[in-house]
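For reference, the chains in residue letters:
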Amino acid sequence: MGINKRIKIVVFIIVMLFISGCLMITFINPDRVGKKYYKNSDDYIFTFSTLGFNIVGFKEIKSPLKIKLLGINKGKAINSGRIDGEVPSFYFLDGPNICFYTLQGEKEYKLLGEEKEILSCSIDDLNIDNIPEILIISKDKGKKYGDELIIFSYKNSMKEIYRRSFSDLNPWKVQTADVDGDGVKEISVGVYKTTVFHPVMAKRPFVYGWDGKGIYSKWLGSRLSKPFDDYIFTDIDGDKMEEIIAIELGEDGKKLLNSYKWKGFGFEAMGESKAYDDICELSFIIVTADNRNYFSARVMEKNEWRKVEFCFKENSILEGKD
């Protein structure tokens, strides 16, 4: 077989794989969890994972063939954030680096040294000045829990503005939320430790305020009503206050979703879901065309996993849009 013929075959295979990928993305929508709206509810940036790679792209629903490939990444995919006032982006954590994909192109920054890794990351405008802050929990390579909370400000370049040791609290997650509805975001750090009133090692959602220069304690509660695996903040009832949604472990060994609202002195349970054999991949808010707020999780029943959208109604967390 001649060299030219081999080249043609290789090119043909590449073209066919590309076309197949486009058709797959065009006619089989990626998970709603990966949908991050750009202009309106019909256009979005998405991720599509295959063979260990994350494919990042932009798609217009009204024009199904309009797909723009933004990039390919093998890092840990995080939902979305905003950087430098740009459109929503997907960002990926890869060791000490953070990489953003937006319609304006790819940006990558090295935030830590070679022996460190980013364990958790969140992006928000803490100072309400249209300049995004990037919050990370750092950890040593090979360690399960983190050791520091570091906050960077981004305006044309990355600038560290705050650093605090959390090594005695075993942090594992950082996120932001407006828990009291005043328009100012709080910082929540998931920790693994004991407390005076609950002297057992357990996961706990600590909440801190931000004064523009540093953090201060707002709620360092002992725990939620049940042991939990993971939690997010999202406004499930449309009152501008972001509630805690947690994956909790019931006494029968099954898992359920529980919700908590800030009551000025702490969090009070609002309502919970039915029990499932297992729950994972709790994901952030989905705002749909009917102006209802949903969040998503993967649940197991009868040894089968399925992805489910949930909403809050009548003091309960329910499946679907009813």
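Residues numbered from 1 in each chain as written. Predicted model: local features only at pLDDT ≥ 70, side-chain atom pairs only at ≥ 80, totals over all residues. Heavy atoms only, no water.

## Section: the side chain of Ser120
For Ser120, the location among the structural elements is in strand β9 (residues 116-124). What makes Ser120 buried here is its relative accessible area of 9%. A distance of 3.0 Å separates the side chain of Ser120 from the backbone nitrogen of Val174, its partner in a polar contact. (Helix = DSSP H or I, 4+ residues; strand = E, 2+ residues; numbered from the N terminus. Buried < 20%, exposed > 50% of the residue type's maximum accessible area, 1.4 Å probe, protein only. Polar contact = N/O pair within 3.5 Å; in protein donor to acceptor, adjacent residues only side chain to side chain.)

## Digging into the sheet that holds strand β16 (residues 215-219)
Within the open sheet, the four strands sit side by side as β13-β14-β15-β16. Their pairing is antiparallel. The open sheet is flanked by β13 (173-177) and β16, the only strands paired with a single partner. Pairwise comparison of adjacent strand axes, ignoring direction, gives a mean angle of 40° for this sheet. One ladder, built from five bridges, connects β13 with strand β14 (residues 186-195); its direction is antiparallel. Considered in β14, the bridge of Val174 is made with Val189. (Pairing = 2+ DSSP bridges. Axes fitted to C-alpha atoms, helices over the stretch in contact; angles between N-to-C directions.)

## Some thoughts on the packing of aromatic side chains
Scanning the entire structure with this criterion turns up 16 aromatic pairs. When the ring of Phe100 is compared with that of Tyr109, the centres are 6.1 Å apart and the planes differ by 70°; the resulting orientation is edge-to-face. Across this residue pair, the class does not change: Phe100 and Tyr109 are buried. Centre to centre, the rings of Trp262 and Phe267 are 5.1 Å apart; their planes meet at 70°, and the pair counts as edge-to-face. (Phe/Tyr/Trp six-rings, centres within 6.5 Å; stacked < 30°, edge-to-face > 60°.)

## Details of the confidence of the model for the protein
This prediction gives the protein a mean pLDDT of 84; 84% of its residues lie at or above 70. Note on residues 26-41: pLDDT is under 50 here. Beyond four places in sequence and across chains, it has 44 contacts. (pLDDT = per-residue confidence, 0-100. Contact = heavy atoms within 4.5 Å.)

## Topic: the sheet that holds strand β10 (residues 133-140)
Across the sheet, four strands lie side by side as β9-β10-β11-β12; this open sheet has antiparallel pairing. On the outer flanks of this sheet lie β9 and β12 (158-165), each paired with one strand and no other. The average angle at which neighbouring strand axes cross in this sheet is 25°, direction not considered.

## Considering a nonpolar patch on the surface
A grouping of Ile9, Phe12, Ile13, Met16 and Leu17 is seen on the molecular surface, where their side chains present a nonpolar patch of about 490 Å² in accessible area. Within the secondary structure layout, Met16 lies in helix α1 (residues 3-27). Taking the relative accessible area as the measure of exposure, Met16 reaches 38% and is therefore partly exposed. (Patch = residues over 30% accessible without salt bridge, like charges linked within 9 Å, V, L, I, M, F, W, Y side chains within 5 Å. Areas by Shrake-Rupley, 256 points an atom, 1.4 Å probe, with all protein chains shown as cover. Salt bridge = Lys/Arg side-chain N within 4 Å of Asp/Glu carboxyl O.)

## With respect to the environment of Ile161
Within the secondary structure, Ile161 is located in strand β12. Each C-alpha atom, one on Ile161 and one on Ile134, is 9.9 Å from the other, the two residues being 27 residues apart in sequence. Every residue in contact with Ile161, bar those within four places of it in the chain, is listed here: Glu133, Ile151, Phe152, Ser153 and Trp210.

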